[in-house]
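Overview (structure and organization)
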Amino acid sequence: MTDPNISPPWHPERLAARLPFLRRRALLTQAVRAFFTARGYTEVETQYAVPTPGEEVHLQAFATERMFPDGKRQPLFLHTSPEFAMKKLLAGGSGPIFQLARVWRNNEDSPRHAAEFTMLEWYRPGATMDDLIEECAALLRATLPPTVTCQGFTHQTTRPDRITLADAFALHCQADLLATAGNAQALAAAAGVTLRAGEDWEDLFFRLLLTHIEPTLGRSAPTFLTHFPTAQAALARRSPADPRVAERFELFLCGLELANAYIELTDAAEQRTRFETDRTRRAALGGQSWPMDEALLAAMAHGLPPCGGVALGFDRLAMIASGAPRISDVLWGGEA
């Protein structure tokens with residue numbers, strides 16, 4: 001509930017306090033567009049209200065409805081990512097594309113999270129994971145000064161670090177992540193923690209990731225956390241060097257998770273199997289239900305080219321660029 005004693009976000013005093021952050025955001029938008037245009041990308045804009053908002057197990061989407069002149073009604077959802085729509089364009093031959101997309105994720109609200117936010121997402125045919133890491137680093141160099149201060153951290157943005165998830169678990173949890181995959185008891189014993197009631201391997205994996213790994217990342221330099229277990233990368237290709245892991249990485253900067261990237265899975269049959277697994281798990285947790293995106297699977301079967309994709313939280317990048325303490329400071333509408 002909104003506190004009636006607090007003036008609304010548009011009030012001159014509150015807006016004036018946020019204008020330096022918002023103007024930096026506007027400059028950042030221009031710089032991002034210039035960066036991708038110079039690299040041969042085409043900017044696209046896909047539909048926001050869709051039949052299938054995504055397939056992540058724990059996502060919660062905003063539901064809506066389309067009404068037709070003939071009385072027909074179609075349940076729709078505000079998308080949680082433009083990924084599915086952009087992959088259809090890739091299968092159609094769009095070439096490299098990017099989008100500054102407004103996206104919605106229900107039940108999210110904190111100084112670092114907003115239920116409605118902007119995602120910078122781009123796809124590059126033929127890209128390797130090294131290509132995407134280099135491109136992310138180049139984007140930071142092009143849009144941020146060499147030194148940034150945000151969230152209590154001061155970073156040299158020009159010298160990124162890189163560590164695999166397995167190495168991070170060995171270093172900070174003293175656990176062999178891949179050898180204990182699927183065995184919650186073994187992972188708990190190796191990490192020296194007590195397994196909680198009802199906690200499975202995935203639950204423990206995320207607990208350790210959040211408490212032992214992520215707080216160490218992106219503290220003095222941009223950090224790329226690479227090679228996630230295959231079970232934690234439903235849309236990513238398995239690594240040719242080690243099928244236990246997928247070609248996925250996350251980027252951390254100023255203590256913030258900034259980006260998530262995949263070398264994309266292109267096999268439609270395997271993608272369907274992974275979607276069905278995720279849908280079963282989401283149903284077991286009492287999550288929302290929506291139709292399978294058959295159009296995406298058909299596009300993949302037609303021929304999704306080998307490609308890599310990155311989803312970057314643009315509002316968080318604006319926080320880092322401007323030094324804003326809260327995500328609401330870089331949103332023109334402020335808090336909803």
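Here, the structure is the one placed above.
Now for a description of the structure that goes with this document. Computed from a predicted model, the values in this text were never measured in an experiment.

**Focus on the nonpolar core**
Phe36, Leu120, Trp122 and Ile320 are the most contacted members of the largest nonpolar core, which totals 49 residues. If one sorts the elements of this core by residue count, helix α3 (residues 129-143) sits on top with seven residues. Contacts of Trp122, omitting those with residues within four sequence positions, involve Phe36, Tyr41, Ile97, Phe98, Glu135, Cys136, Leu139, Gly308, Gly309, Val310 and Leu312.

**A look at the pattern of salt bridges**
Tallied over the entire structure, the rule returns 25 salt bridges. The partner of Glu135 in a salt bridge is Arg124, and the shortest N-O contact between them spans 3.6 Å. Of this pair, Glu135 sits in helix α3 while Arg124 sits in strand β6 (residues 116-125), and the two are 11 residues apart along the sequence. Classification of Arg124 as partly exposed rests on a relative accessible area of 25%. Notably, a salt bridge pairs Arg237 with Glu247, separated by 2.6 Å at the nearest N-O pair. Here Arg237 is found in the loop between β10 (223-229) and β11 (245-253), whereas its partner Glu247 is found in strand β11, with 10 residues between them in sequence. By relative accessible area, Arg237 is classed as partly exposed at 33%. In this structure Glu247 comes out as buried when scored by relative accessible area, which is 10%. Where salt bridges share partners, they join Arg39, Arg124, Glu134, Glu135 and Arg141 into one cluster.

**A few points about the packing of helix α1 (residues 12-38) against α3**
One can describe the packing of α1 onto α3 by two numbers: an axis separation of 10 Å at closest approach and a directional angle of 135°. Here α1 is positioned oblique relative to α3, judged by the angle of their axes. Between α1 and α3 lies a crossing whose hand is right-handed. Where α1 approaches α3, its residues Arg24, Leu28, Ala31, Val32, Phe35 and Phe36 are matched on the opposing element by Glu135, Ala138, Leu139, Ala142 and Thr143. A breakdown of the residues in the contact of α1 with α3 according to their chemical character gives eight nonpolar, one polar and two charged.

**Quick notes on the sheet that holds strand β2 (residues 49-50)**
Read across the open sheet, the three strands follow the order β2-β4-β3; overall the sheet is antiparallel. In this open sheet, the two edge strands, each paired with only one partner strand, are β2 and β3 (63-67). As paired strands, β3 and strand β4 (residues 73-78) are joined by five bridges and run antiparallel to one another. In the strand pairing of β4, Ala63 is matched with Phe77.

**Regarding the environment of Ala170**
Tracing the chain through its elements places Ala170 in helix α4 (residues 165-172). According to the relative accessible area criterion, Ala170 is partly exposed, its value standing at 43%. C-alpha separation for the pair Ala170 and Ala191, spaced 21 residues apart in sequence, amounts to 9.0 Å.

**Concerning helix α5 (residues 184-191)**
For α5, the full list of buried residues reads Ala184, Leu187, Ala188 and Ala191. Viewed end-on, α5 has its buried residues packed into an arc of 100°, placing them on one side of the element. In α5, the exposed positions that point more than 90 degrees away from the buried face belong to Gln185 and Ala189. Next to the buried residues of α5 lie α6 (201-213). The distance from a side-chain oxygen at the start of α5 to the backbone nitrogen of Gln185 is 3.2 Å, and the residue carrying that oxygen is Asn183. With its phi angle positive at about 70°, Gly192 sits one or two positions after the end of α5.

**A closer look at the packing of α5 against α6**
Packed helices, taken two at a time, are described by the angle between their axes plus the distance between the axes. In contact at an axis separation of 8 Å, α5 and α6 are set at 25° when each is read in the N-to-C sense. Here α6 runs roughly parallel to α5, going by the angle between their axes. As α5 runs across α6, the sense of the crossing is left-handed. Contacts between α5 and α6 pair Ala184, Leu187, Ala188 and Ala191 from the former with Trp201, Leu204, Phe205 and Leu208 from the latter.

**Some remarks on unusual backbone geometry**
Phi at Asn107 takes a positive value of approximately 65°, unusual for a residue other than glycine. The topology assignment puts Asn107 in the loop between β5 (97-104) and β6. Among the residues examined, Asn107 registers a relative accessible area of 61% and is labelled exposed. Even without glycine at this site, Gln174 takes up a positive phi of about 55°. Inspection of the secondary structure assignment puts Gln174 in the loop between α4 and α5.

Parameters at a glance
Residues numbered from 1 in each chain as written. Predicted model: local features only at pLDDT ≥ 70, side-chain atom pairs only at ≥ 80, totals over all residues. Heavy atoms only, no water. Core = buried A, V, L, I, M, F, W, Y, C linked by side-chain atoms within 4.5 Å. Buried < 20%, exposed > 50% of the residue type's maximum accessible area, 1.4 Å probe, protein only. Helix = DSSP H or I, 4+ residues; strand = E, 2+ residues; numbered from the N terminus. Contact = heavy atoms within 4.5 Å. Salt bridge = Lys/Arg side-chain N within 4 Å of Asp/Glu carboxyl O. Axes fitted to C-alpha atoms, helices over the stretch in contact; angles between N-to-C directions. Parallel < 35°, antiparallel > 145°, perpendicular 65-115°, else oblique. Left-handed = near helix turned anticlockwise from the far one by under 90°. Nonpolar A, V, L, I, M, F, W, Y, C, P; charged D, E, K, R; others polar. Pairing = 2+ DSSP bridges. Arc of directions from axis to C-beta. Polar contact = N/O pair within 3.5 Å; in protein donor to acceptor, adjacent residues only side chain to side chain.

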